[in-house]
Amino acid sequence: MKILVTGGAGYIGSHMCAELLRTGHEVVVVDNFSNGTQGALDGVKKITGVEFPFYRADVCDSPTVEEIMEAQKVECVIHFAGLKAVGESVAKPLEYYENNLNSTMAVCRAMRNQGVSRLIFSSSAATYRSDNPMPLTESSALGATNPYGWTKIMCEQILRDFCVGEPEFSVVLLRYFNAVGAHESGLIGDCPAGIPNNLMPFISQTAHGLHKELKIFGNDYDTPDGTCIRDYIHITDLIDGHVRAIDFSAKNKGCEVFNLGTGRGFSVLEMVDAFEKTNGIKLPYSIAPRRPGDIATIYANPEKAQKMLGFTAKKSLEDMCRDTWKFQSNM
Ligand code: NAD
Ligand code: UD1
């Protein structure tokens, strides 16, 4: 099958392309390199040995997206393209609403005009309200603490409404928890521009000597060791969830939402400890004040994806730490 991957030069999109090509699908990538890189596309080609069409274009530009779909005759779209830095979204809300909403609507419009009816959408655990009991199910209350999260809630609503108006469509909303790790080759991984906001890239860059130390944001939370707990999911497992969502979209119409998480939480200190033990590296760190907006504990209830997609995360914490370091130490 030929699949359009928006944001395919980014972290998750590049891993998706590698897996689709490995399993015999064709991919067409569109990315404006606002955060993605040519290096990620080169990595995909190196891993798979396959050339694929790439368009450097803005997905908000609906006619261009439509031209690409028309020229390439794709059957399915995976829409990764979006801005994702939570802190930046607070400072630049308009840019986030514009980019994330317009790109999603442009994709829908182009799909409708070109008769492409299957869409997989990157949503986030950032769509859940902070006062939900854990673990989070797909019916936990929605509500964000930052513009980034609101863009995902709004895109989900647009896509639900779109499916009502277009009954032939199949849209799968995937709410990712904390994606970490890298491709087993070490050739592609999470490579944020500038100083990383997220824990795992900061840990691996610190281990590489790019930062003096990791600052752990708060050790006075109501958790066993006082540091925040998150549901970290290996990128390979996350991609497996997408492969299953693509199959699901072939057999089901309408809009369905799934959590993609492991169902197990680890604290920041547990992540540091696992990274040190797995890679035999001592990580310099200190305790810093809490980061505004963080909540103590977040983890998924992954049962719906288990039951309806046959999805189970298989990779261990050690896999996540080893693969993250393999990619970082290659750079
Ligand atoms: P990323 O920044 O590495 O990838 C996004 C890609 O989209 C980048 O290559 C960027 O250049 C491209 N892009 C952005 N706006 C564009 C536009 N208007 N036109 C064309 N290209 C555009 O991020 P990622 O971690 O790979 O995330 C992919 C998606 O998953 C995003 O929508 C993100 O919000 C969502 N998500 C990610 C995580 C995570 O843990 N990484 C968690 C939840 C949700
Ligand atoms: C954030 C976003 C989430 C997004 C995800 C991946 C929020 C509320 N959520 O999740 O929407 O999907 O990133 O982009 O912002 N930490 C440190 N030191 C650091 C960095 C992080 O101690 O230098 C801690 C944080 O306080 C947090 C944990 O590590 O407790 C994980 O942080 P991070 O990787 O940024 O992810 P989230 O905040 O869970």
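Located above this text is the structure these notes cover.
Rules and cut-offs
Residues numbered from 1 in each chain as written. Chains lettered and ligands numbered in written order. Predicted model: local features only at pLDDT ≥ 70, side-chain atom pairs only at ≥ 80, totals over all residues. Heavy atoms only, no water. Helix = DSSP H or I, 4+ residues; strand = E, 2+ residues; numbered from the N terminus. Rg over C-alpha atoms; globule rule 2.2 N^0.38 Å. Contact = heavy atoms within 4.5 Å. Buried < 20%, exposed > 50% of the residue type's maximum accessible area, 1.4 Å probe, protein only. Lys, Arg positive; Asp, Glu negative; His and termini not counted. Salt bridge = Lys/Arg side-chain N within 4 Å of Asp/Glu carboxyl O. Polar contact = N/O pair within 3.5 Å; in protein donor to acceptor, adjacent residues only side chain to side chain. Near = heavy atom within 4 Å. Areas by Shrake-Rupley, 256 points an atom, 1.4 Å probe, with all protein chains shown as cover. Nonpolar A, V, L, I, M, F, W, Y, C, P; charged D, E, K, R; others polar. Core = buried A, V, L, I, M, F, W, Y, C linked by side-chain atoms within 4.5 Å. Axes fitted to C-alpha atoms, helices over the stretch in contact; angles between N-to-C directions. Parallel < 35°, antiparallel > 145°, perpendicular 65-115°, else oblique. Left-handed = near helix turned anticlockwise from the far one by under 90°.

**Q** Honestly, the overall build of the protein chain in this entry has me stumped. Any pointers?
**A** When you go through the protein chain residue by residue, the secondary structure sums to 11 helices and 13 strands. A compact globule built from 331 residues should have a C-alpha radius of gyration of about 20 Å, and the protein chain, at 19 Å, falls within 12% of that. For the protein chain, the spread of C-alpha atoms along the three principal axes comes to 55 × 45 × 40 Å. A sequence separation of at least 24 residues applies to 79% of the contacts in the protein chain between residues at least 6 apart.

**Q** Honestly, the side chain of Asp-231 in this entry has me stumped. Any pointers?
**A** Mapped onto the fold, Asp-231 is located in the loop between strand E9 (229-230) and strand E10 (232-234). No salt bridge forms around the buried Asp-231; measuring N to O, its nearest opposite-charge neighbour Arg-264 is 8.8 Å away. A distance of 3.0 Å separates a polar side-chain atom of Asp-231 from the backbone nitrogen of Ala-300. Setting aside residues no more than four positions away along its own chain, Asp-231 makes contact with Phe-177, Asn-178, Gly-261, Thr-262, Gly-263, Arg-264, Gly-265, Ile-298, Tyr-299 and Ala-300.

**Q** Explain the site of ligand 1 here, please?
**A** Not every one of the 28 residues close to ligand 1 is listed here, only the nearest: Ile-12, Asp-31, Asn-35, Asn-99 and Tyr-148. In this structure, Tyr-148 approaches ligand 1 through a side-chain N or O atom, which is 2.7 Å from an oxygen atom. Ala-179 places a main-chain nitrogen or oxygen 3.3 Å from an oxygen atom of ligand 1. Contact with the protein chains covers 95% of the free accessible surface of ligand 1, which is 820 Å². Counting residues per element, the ones that place at least two in the shell around ligand 1 are helix H1 (11-22), strand E5 (118-124) and helix H6 (147-165). Taken together, the residues of the shell around ligand 1 sort by class into 13 nonpolar, 11 polar and four charged.

**Q** Which parts of the structure should I look at to understand the site of ligand 2?
**A** For ligand 2, the set of nearby residues contains 19 residues, the closest of which are Leu-199, Lys-215, Arg-230, Arg-291 and Asp-294. Contact between ligand 2 and Asp-294: an oxygen atom at 2.6 Å from a side-chain N or O atom of the residue. In isolation ligand 2 exposes 740 Å². Once the protein is present, 87% of that is buried. Elements with a contribution of two residues or more to the shell around ligand 2: helix H7 (199-207) and strand E8 (214-217). The dominant element in the shell around ligand 2, judged by the number of residues it contributes, is E8, at four residues. In terms of residue class, the shell around ligand 2 is made up of 11 nonpolar, four polar and four charged.

**Q** Sorry, what's going on with unusual backbone geometry here?
**A** For residues other than glycine, phi is negative in most cases, and the peptide bonds are mostly trans. In this structure, the amide linkage connecting Met-134 to the following residue, Pro-135, adopts the cis form with an omega of -5°. Structurally, Pro-135 is set in the loop between E5 and H6. The residue Phe-33 is not glycine, and still its phi comes out positive at about 60°. Within the element layout of this structure, Phe-33 appears in the loop between strand E2 (26-31) and helix H2 (38-48). A positive phi is found at Lys-73, a non-glycine position, where the angle reads about 50°. In this structure, Lys-73 sits in the loop between helix H3 (62-72) and strand E4 (76-79).

**Q** Teacher, can you tell me more about the nonpolar core here?
**A** Nonpolar side chains tend to gather and get buried jointly when the protein is soluble and globular. Ile-12, Leu-20, Val-27, Ile-78 and Leu-174 are the most contacted members of the largest nonpolar core, which totals 36 residues. The biggest single contributor to this core is H1, with seven residues. Ignoring sequence-local partners within four residues, the contact set of Ile-78 consists of Ile-3, Leu-4, Val-5, Thr-6, Met-16, Leu-20, Ile-120, His-242 and Ile-246. In this structure, Met-69, Leu-101, Cys-108 and Leu-119 belong to the second largest nonpolar core, which totals 27 residues.

**Q** Help me out: how do you make sense of the pattern of salt bridges in this one?
**A** One side chain can pair with another of opposite charge once the charged atoms of both are near each other. Taken as a whole and assessed by the stated rule, the structure comprises 17 salt bridges. Asp-220 serves as the salt-bridge partner of Arg-290, at 3.0 Å between the closest nitrogen and oxygen. Residue Arg-290 is found in the loop between strand E13 (285-288) and helix H10 (303-309), and its partner Asp-220 is found in the loop between E8 and E9; the two are separated by 70 residues along the sequence.

**Q** Help me understand the packing of helix H9 (residues 268-279) against helix H11 (residues 317-330) in this model?
**A** For any two helices packed against each other, the geometry comes down to the angle between their axes and how far apart the axes lie. Where H9 meets H11, the axes come as close as 9 Å, and the angle between the chain directions of the two elements is 65°. Taken together, the axes of H9 and H11 are roughly perpendicular relative to one another. Where H9 crosses over H11, the two elements pack in a sense that is right-handed. On the side of H9, the interface is formed by Glu-270, Met-271, Ala-274, Phe-275, Thr-278 and Asn-279, while H11 contributes Leu-317, Glu-318, Cys-321, Arg-322 and Trp-325. For the contact of H9 with H11, the per-class residue count stands at six nonpolar, two polar and three charged.

**Q** Explain the packing of H1 against helix H8 (residues 235-251) here, please?
**A** Where H1 contacts H8, the two axes come as close as 10 Å, and the packing angle between them is 65°. Both H1 and H8 take part in a crossing whose hand is right-handed. Contacts between H1 and H8 involve Tyr-11, Ile-12, His-15, Met-16, Glu-19 and Leu-20 on the former and, on the latter, Ile-235, Leu-238, Ile-239, His-242, Val-243 and Ile-246. Of the residues belonging to the contact of H1 with H8, the class tally is nine nonpolar, two polar and one charged.

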